[in-house]
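Here's the letter readout for the chains.
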Amino acid sequence: MQAFWKRFSKDRVAVFGVLVIILAVLAAALAPVIAPYDPSEQFFDGLTLEGAPLPPNERFWFGTDTNGRDQLSRLLYGARTSLVIGLVANGIAVAIGTLLGVIAGYARGFLGATIMRFTDLMMAFPPLLLAIALAAILKPGLWIVIVVIALVNWVQIARVIYTETTSLAEREYIEAARALGASTPRIVLRHLIPHLVPTIIVYATLGIATTVLLEAMLSFLGRGVQPPTPAWGMMIFESQSYFLNAPWLVFIPGAAILIVALAFNLAGDGLRDALDPTQRGRR
Amino acid sequence: MIAYLARRLSASALILIGVTIVTFCLTFIIPADPVAMIAGRNSTPEMREQIRIQLGLDRPLVEQYAHYVQRLAQGDFGISYARKSPVGDLILSRLPATLLLMLGAIIAELLIGIPAGLYAAARRGQTGDKVAMTLSFLTVSTPQFVLGLSLLYFFAYRLGWFPLSGYGSLSHLILPAVTLGLAGGGWYSRMMRSSMIEILRQDYIRTARAKGMSEKRVMFVHALRNAILPVIAMIGLDVGIFMSGVVVVENVFGWPGIGQLMWQAIQSLDIPIIMGVTTVAALFIVAGNLIADLIAPLIDPRIRLR
């Protein structure tokens, strides 16, 4: 554990990623305190006389959107949507993927083959299209978006966990546990999953980046969380037609999505290096 | 080789059957009643019953599924709610534009990824390597619609180098192709780098260096030729990533392909088009994976033909 911290803290890029994540979480958690205005309040002086949105200025730091709402406040509240969906949807995906991967890798045989053929099948669907099809059918909302993203995103981690479990299950200590009469649930929970924790942590971190991007795409396509809940992708969707005259309406939320996704990717990559030093330099 | 081919083909066929089962089931959880959609408001119960029988909805599920597969095999994806024309024809007429865009994206990602990976491998462990690898994370963390809109703003609107939107010439293709391919370029640069590093460890490279061959010649002639192969083998797998991306990219650039068709269908909840495009995309992914599987042993005979 100490060796891990030593390696991780030396990786400046990864530490930077973690700092950004902490800042983003703080911004989201404290949104009601630090946001200058109500995110859905339409300001009378938030539009020009011609009805165009205002560029960044002293009163509205990040400008206003096409409805005269404060962009900074919407951005801070939008961080809540992004991070809640990122954490919860990805958490569910990791749980499903780990469970199915471990079962398939340990049980093998017919059950294992069935599960893995099912993941192969899921791989044949492009995640965004499947998510759109599901969201279109199920009427979008926060929880539906979470479920839809979890349903399309568990596949990758299931495959990784499956591969790791098959090699772990060959080890002698597993055979010893079985010889001592340990039950299958006990072997899975006490002897397999603890060894998979580093892999799970790495893929859980990287998966949040994928999830944040997928959520942004869904809400950009109008199939994510619905107004009035602010979401970064939707902020861009709403101002797309106005974009050439008011580019800040795209660049500011766009930068927010990019920074959060990048932070989780950098942190996840750093964790992979720190948790598995044998991979160092080979990536 | 023939046994390997047969196994890969049958695995693909099984996945295709699975795909049709999934899409078939999806059409059943749709809350909208297709009978009511077709019959309209002023229909009598008898008329609705008539349509139900016409659509075959009174038959057993297995029979309905067989009928569904039969229709798919004939390219019949149903009728669009909004456009009132066959979904199969709509998709077919827009497929060439999407395929052209994907081809452009493949060229873009190779032109970005391979030089970047070579550069990073040559400067392994140095600042240039770290910068290149961090940049590769930047490319995969950028939402494609933000990238597309930014390129549009700077290169088309501000600088006027490219048209704002549309289809027809090479200058129309460049921005959407780069938008679609940049993230893949980031992945390719990482793959190219690790593949290069692996190759540079080989004995024949040491021999070449020991003979006094210039580092440039070692890198570009001896190492590159072998390192590039595993990267090329991955191209087939890109299709899946592109199939999601085209919905966003074609929407941003007004590119008249199946992605734009899908986007318009999403806005009007035109379920037959949404399901049709999803099915066609799955077909392409299965085909892409099959191609990748078939190319792999040709490129590296050491891959056991399992």
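Each chain carries its own residue numbering, running from 1 in the direction its sequence is written. Note on labels: chains are lettered from A, ligands numbered from 1, in written order. Where totals are concerned, whole chains, interfaces and linings use all residues; where local detail is concerned, this predicted model gives features only for residues with pLDDT of at least 70, and gives and counts side-chain atom pairs only at 80 or more.

Each helix and strand in chain B was counted, giving 13 helices and 0 strands. In this text, helices come from DSSP runs of H or I with a minimum length of four residues, and strands from runs of E with a minimum of two, each type numbered from the N-terminal end. Ordered by position from N to C terminus, the α and β elements of chain B give α-α-α-α-α-α-α-α-α-α-α-α-α. Only the C-alpha atoms count toward the radius of gyration. The rule for a globule is 2.2 Å times the residue count to the power 0.38. Relative to a compact globule of 306 residues, whose C-alpha radius of gyration would be 19 Å, chain B shows 24 Å and is clearly more extended. Looking at chain B as a whole, 38% of its 306 residues qualify as buried. Of all intrachain contacts in chain B linking residues separated by at least 6 positions in sequence, the fraction that spans at least 24 positions is 70%. Between the buried cut of 20 or more and the exposed cut of 12 or fewer other C-beta atoms within 10 Å of a residue's own C-beta lies the partly exposed class, and all C-beta atoms are placed from the backbone. In this description, any two residues whose backbone-derived C-beta atoms lie within 7 Å of each other are considered to be in contact.

Here we take up the overall build of chain A. Check the secondary structure of chain A and you find 11 helices and 0 strands. In sequence order, the secondary structure elements of chain A are arranged as α-α-α-α-α-α-α-α-α-α-α. In terms of overall dimensions, chain A has C-alpha extents of about 80 × 45 × 30 Å along its principal axes. Residues classed as buried in chain A amount to 46% of the 283 residues present.

Here the focus is the domain arrangement of chain B. Split into domains, chain B comes out as domain 1 (35-76) and domain 2 (87-299). The split of the chain into domains comes from an automatic or database domain assignment. The straight-line distance from the C-alpha centre of domain 1 of chain B to that of domain 2 of chain B is 41 Å.

We now examine unusual backbone geometry. Trans is the common state for peptide bonds, and a negative phi is the common state for residues other than glycine. With an omega of 10°, the peptide bond between A:Pro227 and A:Pro228 qualifies as cis. Summarising the element assignment, A:Pro228 is placed in the loop between helix 9 (184-220) and helix 10 (232-239).

It is worth spelling out the environment of B:Ala120 at this point. All names here are of chain B. Considering the arrangement of structural elements, one finds Ala-120 in helix 5 (residues 87-122). Residue Ala-120 is classed as buried on the basis of its C-beta count, with 26 C-beta atoms lying within 10 Å. Between the C-alpha atoms of Ala-120 and Met-196, which are 76 residues apart in sequence, the distance is 9.4 Å. Other than its neighbours up to four places away in sequence, Ala-120 contacts Asp-129, Ala-132, Met-133, Ser-189 and Arg-193.

Listed by partner, the interface residues are 37 residues for chain A and 38 residues for chain B. Residue assignment for the side of chain A that touches chain B shows that the elements contributing at least two residues are helix 5 (109-123), helix 6 (127-138), helix 9 and helix 11 (248-275) of chain A. Residue contributions to the side of chain A that touches chain B peak at 9 residues, all from helix 11 of chain A. By the convention adopted, Pro, Cys, Tyr, Trp, Phe, Met, Ile, Leu, Val and Ala count as nonpolar, Lys, Arg, Asp and Glu as charged, and the other residues, Gly among them, as polar. Classifying every residue of the side of chain A that touches chain B by side-chain character gives 29 nonpolar, 3 polar and 5 charged.

Taken as a whole, chain A shows an average pLDDT of 83; of its residues, 96% reach a score of 70 or greater. Per-element confidence in chain A ranges from a low mean pLDDT of 77 for helix 1 (residues 2-10) of chain A to a high of 90 for helix 4 (residues 71-107) of chain A. As a per-residue measure, pLDDT tells how confident the predictor is, with possible values from 0 to 100.

In this section: the environment of B:Thr142. Residue placement: B:Thr142 occurs in the loop between helix 6 (127-141) and helix 7 (144-158). The exposure class of B:Thr142 is buried, given the 23 C-beta atoms found within 10 Å. Distance from B:Thr142 to B:Ala183, taken between C-alpha atoms, is 7.7 Å for residues 41 residues apart in sequence. Residues within four places of B:Thr142 in sequence aside, it is in contact with A:Leu258 and B:Leu147.

This paragraph deals with helix 7 of chain B. An α-helical turn contains 3.6 residues, so any two residues separated by three or four positions project in the same direction. Residue count minus one, scaled by 1.5 Å, sets the expected span of a helix. Spanning 15 residues, helix 7 of chain B covers 20 Å between terminal C-alpha atoms, matching the ideal 21 Å at 1.5 Å per step. When the local axis directions of helix 7 of chain B are compared, the greatest deviation, roughly 25°, occurs at B:Leu152. Within the sequence span of helix 7 of chain B, burial applies to B:Gln144, B:Phe145, B:Val146, B:Leu147, B:Gly148, B:Leu149, B:Leu151 and B:Leu152. On the buried face of helix 7 of chain B, the contacting elements are helix 9, helix 10 and helix 11 of chain A together with helix 8 (170-200) and helix 11 (235-253) of chain B. Just past helix 7 of chain B, the residue B:Gly160 takes up positive phi, approximately 70°. Throughout, the bend at a residue refers to the angle made by two axes, fitted to the seven residues ending there and to the seven starting there.

All right, on to the packing of helix 11 of chain B against helix 13 (residues 271-299) of chain B then. In a pair of packed helices, the angle between the axes and the distance between the axes together describe the arrangement. Residues and elements named next belong to chain B. Orientation is described by lines fitted to C-alpha atoms, with helices fitted over the stretch in contact, and by angles between N-to-C directions that extend from 0 to 180 degrees. Between helix 11 and helix 13, the least distance of the axes is 6 Å, while the angle of their chain directions is 160°. Comparing the axis directions of helix 11 and helix 13 gives the class roughly antiparallel. The hand of the helix 11/helix 13 crossing is left-handed. Note on element contacts: helix 13 touches helix 11 through Ala-281, Phe-284, Ile-285, Gly-288, Asn-289, Ile-291, Ala-292 and Ile-295, opposite Gly-236, Leu-237, Val-239, Gly-240 and Met-243. Its residues placed into classes, the contact of helix 11 with helix 13 shows 9 nonpolar, 4 polar and no charged. For classification, angles of less than 35 degrees are called roughly parallel, those exceeding 145 degrees roughly antiparallel, those between 65 and 115 degrees roughly perpendicular, and all remaining angles oblique. Each crossing is labelled by how the near helix is turned from the far one, with a counterclockwise turn of less than a right angle marking it left-handed and a clockwise turn marking it right-handed.

What follows covers the environment of A:Leu130. Within the secondary structure layout, A:Leu130 lies in helix 6. Here A:Leu130 is in contact with A:Phe125, A:Val152 and B:Thr278, once residues within four sequence places are set aside.

If you look at the biggest cluster of nonpolar residues, it comprises 155 residues, and the most contacted ones within it are A:Leu129, A:Ala131, A:Ile132, A:Ile149, A:Met217, B:Ile274 and B:Val277. Ranked by residue count, the leading element in this core is helix 9 of chain A, at 17 residues. With sequence-adjacent residues up to four places away left out, A:Ile132 is seen in contact with A:Leu221, A:Arg223, B:Ile266 and B:Ile274. By our criterion, buried Ala, Val, Leu, Ile, Met, Phe, Trp, Tyr and Cys residues that link up through C-beta atoms within 7 Å make up a nonpolar core.

Time to look at the packing of helix 6 of chain A against helix 11 of chain B. Two numbers describe how helix 6 of chain A lies on helix 11 of chain B: the axes approach to 7 Å, and their chain directions differ by 60°. By the angle class used here, helix 6 of chain A and helix 11 of chain B are oblique. Contacts between helix 6 of chain A and helix 11 of chain B involve A:Pro127, A:Leu128 and A:Leu129 from the former and B:Met243, B:Ser244 and B:Val247 from the latter. In the contact of helix 6 of chain A with helix 11 of chain B, the residues fall into 5 nonpolar, 1 polar and no charged.

This part is about the confidence of the model for chain B. Residue and element names in this part refer to chain B. Looking at chain B, the pLDDT average stands at 82 and 91% of residues meet or exceed 70. Least confident of the elements in chain B is helix 2 (residues 34-39), whose mean pLDDT is 63; most confident is helix 5, at 90. As a predicted assembly, this complex carries a pTM of 0.85 together with an ipTM value of 0.81.

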